[in-house]
Amino acid sequence: MTIIENDLFKVAIRNQGGELTSFFNKKTGVEHLWQAEGAWPWYAPNLFPIVGQVINNELLVDGNTYELPRHGFARTSEFLLIKSDDQSAWFSLPYCDKTLAKYPYKFDFQIHYDLIDDALRVTYKVINLDRKTIYFSVGGHPAFNVPFNKGEKHEDYYIAFEIDEKLVTHLLSPDGTFNGETEPVATDKGKLFLTRDLFAKDALVFKNLKSRVVTIGSTQHDQTITVEFPHFNYLGLWNKPGADFVCIEPWLGYADNTGQHVDISQKEAIQKLGVGHVFEAAFFISM
């Protein structure tokens, strides 16, 4: 386990998945990250080289089929700690025979965590080490404890969007692919109130969101947690029905469409990286 901290936060990251396992507020004594308990055995998985579900767990590349589970293999892979200091840590997942069997590209996927003032910055870096263009999706999936404090109710909380906009979610079929239908999501002056049945149909997925900042807040106090995702075009929100957490998921890429099994290069929202090029995108978690 790698620990970084400053006057405000203490943060822990494990090598499995290069995954954040603790985001502790020293001022309030609150652990804000779900502790992989019971209902969902993850903390804040990193999604690569796909986000969401591919049809039949099969990735198509240049006429060949590769078995790849939902959200890819990064979250179950062992990352290398490249370097760290008191307030930052850098992890790497380089390609190997095991990854090539699931995803036929040569890459180095890196995650950099660093504390800057009152925020944790999470930076994804993809380096193309191949002799051809590579295609990928990448995203975050941090689960935040809701409620923050004992004795509070989940229903006292809401997610506030940077812009008071009309929200439309793209609906998922039982196999995790998009079924082609959409549905409006009701808000109150830019606030989406959390209810126990909000995610009864699976994640809320926003493909056309204008907001690039969302904040978890409560009607009972002024404690908040904010996720800012300036480099990410899509957002997922989710929880396991009945569980006391909510996931804020900045994405670059998303699931397949039902019945449309296409080559990775033709997937909606896919990222394209040329030979010798480097991709970077960051999101921020703050109070």
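The structure presented is a predicted model; accordingly, all values stated were derived computationally and were not measured.

Rules behind the numbers
- Residues numbered from 1 in each chain as written.
- Predicted model: local features only at pLDDT ≥ 70, side-chain atom pairs only at ≥ 80, totals over all residues.
- Heavy atoms only, no water.
- Helix = DSSP H or I, 4+ residues; strand = E, 2+ residues; numbered from the N terminus.
- Rg over C-alpha atoms; globule rule 2.2 N^0.38 Å.
- Buried < 20%, exposed > 50% of the residue type's maximum accessible area, 1.4 Å probe, protein only.
- Contact = heavy atoms within 4.5 Å.
- Lys, Arg positive; Asp, Glu negative; His and termini not counted.
- Charge placed at Lys NZ, Arg CZ, Asp CG, Glu CD.
- Salt bridge = Lys/Arg side-chain N within 4 Å of Asp/Glu carboxyl O.
- Pairing = 2+ DSSP bridges.
- Axes fitted to C-alpha atoms, helices over the stretch in contact; angles between N-to-C directions.
- Phe/Tyr/Trp six-rings, centres within 6.5 Å; stacked < 30°, edge-to-face > 60°.
- Core = buried A, V, L, I, M, F, W, Y, C linked by side-chain atoms within 4.5 Å.

Novice: How would you explain the overall build of the protein if you had to name every residue and give the values?
Specialist: Scanning the protein from N- to C-terminus turns up 1 helix and 25 strands. Whereas a compact globule of 287 residues would reach a radius of gyration of roughly 19 Å, the protein reaches 18 Å, a difference of no more than 12%. In terms of overall dimensions, the protein has C-alpha extents of about 55 × 45 × 35 Å along its principal axes. A buried classification covers 58% of the 287 residues belonging to the protein. When contacts within the protein are restricted to residue pairs at least 6 apart in sequence, those whose partners lie at least 24 apart make up 63%. Between the mean site of the 27 positive side-chain charges and the mean site of the 37 negative ones, the protein shows a separation of 2 Å.

Novice: Would you mind going over the pattern of salt bridges in detail, with residue names and values included?
Specialist: Going through the model one piece at a time under the given rule, you end up with 8 salt bridges. Between D256 and K267 there is a salt bridge whose closest N-O contact spans 2.6 Å. Linking D256 in the loop between β23 (245–252) and β24 (271–273) with K267 in the loop between β23 and β24, this pair joins segments that are 11 residues apart in sequence. When sorted by exposure, D256 lands in the same class as K267, which is buried. Within this structure, E155, R196 and D244 form a network of salt bridges that share partners.

Novice: If you had to explain the sheet that holds strand β15 (residues 157–161) to someone new, which residues and values would you point to?
Specialist: Here 9 strands make up an open sheet; going across it, the order is β8-β9-β10-β11-β25-β21-β20-β15-β18 and the pairing antiparallel. Since the sheet does not close on itself, it has two edges, and those belong to β8 (80–85) and β18 (191–193), each with one partner. In this sheet, neighbouring strand axes are inclined to one another by 15° on average, regardless of whether the strands run parallel or antiparallel. Pairing of strand β11 (residues 119–128) with strand β25 (residues 278–286), which is carried by 9 bridges, proceeds in the antiparallel orientation.

Novice: Outline the sheet that holds strand β2 (residues 9–14), supporting the account with residue identities and numerical values.
Specialist: Spatially, β1-β2-β3-β4 is the arrangement adopted by the 4 strands of the open sheet, whose pairing is antiparallel. The open sheet has two free edges, formed respectively by β1 (2–5) and β4 (30–31), since each of these has just one partner strand. Examined bridge by bridge, strand β3 (residues 19–25) and β4 share 2 bridges and lie antiparallel to one another. Paired with F24 across the strands is E31, a residue of β4.

Novice: Can you break down the packing of aromatic side chains residue by residue, with the values?
Specialist: Taken as a whole and judged by the stated rule, the model has 26 aromatic pairs. When the centroid spacing of 5.4 Å and the interplanar angle of 65° are considered together, the rings of W40 and W238 count as edge-to-face. In this pair, W40 is assigned in the loop between β4 and β5 (46–47) and W238 in strand β22 (residues 234–238), connecting sequence segments 198 residues apart. W238 shares its class with W40; the two are buried. On the basis of an interplanar angle of 65° and a centroid distance of 6.3 Å, the ring pair of F73 and Y103 is categorised as edge-to-face. Within this pair, whereas F73 is found in the loop between β7 (64–67) and β8, its partner Y103 is found in the loop between α1 (97–100) and β10 (107–116), the two being separated by 30 residues in sequence. Among the residues examined, F73 registers a relative accessible area of 5% and is labelled buried. Under the relative-accessibility criterion, Y103 is labelled buried at 0%. Site record: aromatic cluster; members linked through ring pairs are F48, F73, F79, Y103, Y105, F107, F109, Y124, F136, F232, F279 and F283.

Novice: Which residues make up the nonpolar core, and what are the values?
Specialist: One finds Y103, F109, L120, I159, F161, I216 and L237 to be the most contacted residues of the largest nonpolar core, which totals 71 residues. Sorting elements by how many residues they give to this core places β10 first, with 5 residues. Not counting residues within four places of it along the chain, the set of residues in contact with Y103 comprises F48, P49, L59, Y66, F73, I134, Y135, F136 and I264. If you look at the next biggest cluster of nonpolar residues, it comprises 19 residues, including W40, A203, Y234 and A269.

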